[in-house]
Every structure is written in C-alpha cells, then in structure tokens.
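Listed below, chain by chain, are the residues.
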Amino acid sequence: MEPLPHLEWSLATESSPPTGEAASPESTRRSWIHRAPETRVLTLFRQLDGTASRLPAPWWLTALDRGELPSRAAAFSLEDALHALLTSRPGWAFVPWAAPGEAVYWEYGPSDRTPMTMPTTVVLTDRHPGWVSVVPAHTDTAPARPVPMRSMAELERALPRVEAW
C-alpha cells in the first residue's frame, strides 16, 4: 500500500462535533491538528508542502511553520483572548463554523443591515504579524478589504470606530 498524505491531512483537520453548541474557540479544537504532538502536526504539514499549497489549515499552523509563533499554545491563547475581548462587548457573536481546518471568526451583528450582505467580521490570519484583521461590512458585489491590526491592544482601541462602520 502507498501512503495517502492528502487523505491523511483531510482526516487530521476533520473535527468531531462538540458535545454541545460550540461557544468558544476552545470548544472547536477537536481535530487531530489541535491535539496531536505539535512536532507531528508540523511534520505532516511540511511533508505536504502546506504553506506553498495553501492546505486547509488554521492561521496559526502556517505562522508556526514559518517560525513566527512560538507554539500552538500561544496561538490558542491569542484566540481565547480575542474571544474574551469581543464577547464582552454587545453585538459580537462567535461563529464556530468555518471551512475544514480553518479558524473561527466573530461577527458584529448590528452591522448586518441593508444594503450590506456581510457583517463586520474579525478574523485571525497568518498574513501579518498582528494576527488579527477586521473585514468591514460589505455587499456581495463590493467585497471589503481586511484591515490589519498590529496587536490586540490596537484592535481594542479601534473597536468603537469599527462598531460605528
């Protein structure tokens, strides 16, 4: 038999459903990539040339692969801190469903109004070292560009402005 690494990756990112409704990032960390030894996860990701082929993977895995994050635990800590910040404010909702292997996000409900078809969203990303971007509310025909935040502190300072968009 020949190994099937891409099938293995698909299984590695497949998440078993949470026992209740996923209410936090922590409750969604149920796949192999979240629980297996970090070195094994990175080995498989690198074997499949994950960064180059943009495998479905959470933001933290590509950042970890590039050496920009010290550990998976540091990424989880950032996810949890972001969740605590946003859910402590009225109007923000945690959205646990994303594509397989990808990270969760948060939506600002009051921005979901006509003519907008997509509410203001906060996402985690590996595309810049602040790790957090805000996507303003937009329509399907005029997608908005993500606004990178340099840090959680910058996001926290920006939230009154972001919530007014």
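Structure: see above.
In every chain, residue numbers begin from 1 and rise along the written sequence. Given that this is a predicted model, residues contribute local features only at a pLDDT of at least 70 and side-chain atom pairs are listed and counted only at 80 or more, while totals for whole chains, interfaces and linings are drawn from all residues. The side-chain values count all of the structure's non-hydrogen atoms but skip hydrogen atoms and water molecules.

(A) A look at the overall build of the chain. Each helix is a run of H or I in the DSSP string that is no shorter than four residues. Each strand is a run of E no shorter than two, and both are numbered from the N terminus. Per the secondary structure count, the chain includes eight helices and five strands. Mapped in sequence order, the helices and strands of the chain form the string α-α-α-α-α-α-α-β-β-β-β-β-α. The long-range fraction of contacts in the chain, counting pairs at least 24 apart against all pairs at least 6 apart in sequence, stands at 42%. Methods summary: accessible areas were calculated by the Shrake-Rupley approach with a probe of 1.4 Å, and residue burial reflects only the protein chains presented. With the model as given, the accessible surface of the chain reaches about 9,100 Å², and the carbon-plus-sulfur share is 56%. Residue contacts follow a heavy-atom distance rule, with two residues in contact if any of their heavy atoms lie within 4.5 Å.

(B) Structural context of helix α4 (residues 38–47). Type-normalised accessible area, obtained with a 1.4 Å probe on protein chains alone, sets the label of each residue: buried when under 20%, exposed when over 50%, and partly exposed for intermediate values. All of the buried residues in α4 are V41, L42, L44 and F45. Buried residues of α4, seen end-on, are gathered within an arc of 165° and therefore sit on one face of the element. Across from the buried face of α4, at angles greater than 90 degrees, the exposed residues are T39, T43 and Q47. D49 sits one or two residues past α4 and shows a positive phi near 55°. The arc in question is formed by the directions pointing from the helix axis toward the C-beta atoms.

(C) Looking closely at the packing of aromatic side chains. Only Phe, Tyr and Trp rings are paired, with Trp represented by its six-membered ring, and only when their centres lie within 6.5 Å; those with planes under 30 degrees apart are stacked, over 60 edge-to-face, the remainder tilted. Counting across every chain of the model gives four aromatic pairs. An angle of 85° between the planes, with centres 5.5 Å apart, marks the rings of W60 and F76 as edge-to-face. One end of the pair, W60, is in helix α6 (residues 59–65); the other, F76, is in helix α7 (residues 72–87), with 16 residues separating them in the sequence. A single burial state applies to W60 and to F76, both of which are buried. Ring plane angle 55° and centroid distance 5.8 Å describe the contact between F94 and W106, whose orientation is recorded as tilted.

(D) The arrangement of the side chain of T121 in detail. Summarising the element assignment, T121 is placed in strand β3 (residues 120–124). At 2.9 Å, the side chain of T121 and the backbone oxygen of P119 are in polar contact. For T121, the contacting residues outside a window of four places in its chain are Y105, W106, E107, S133, V134 and V135. In protein, a polar contact means a hydrogen-donor-capable atom and an acceptor-capable atom, both N or O and within 3.5 Å, with residues adjacent in sequence counting only if both atoms are side-chain atoms; elsewhere, any N or O pair within 3.5 Å suffices.

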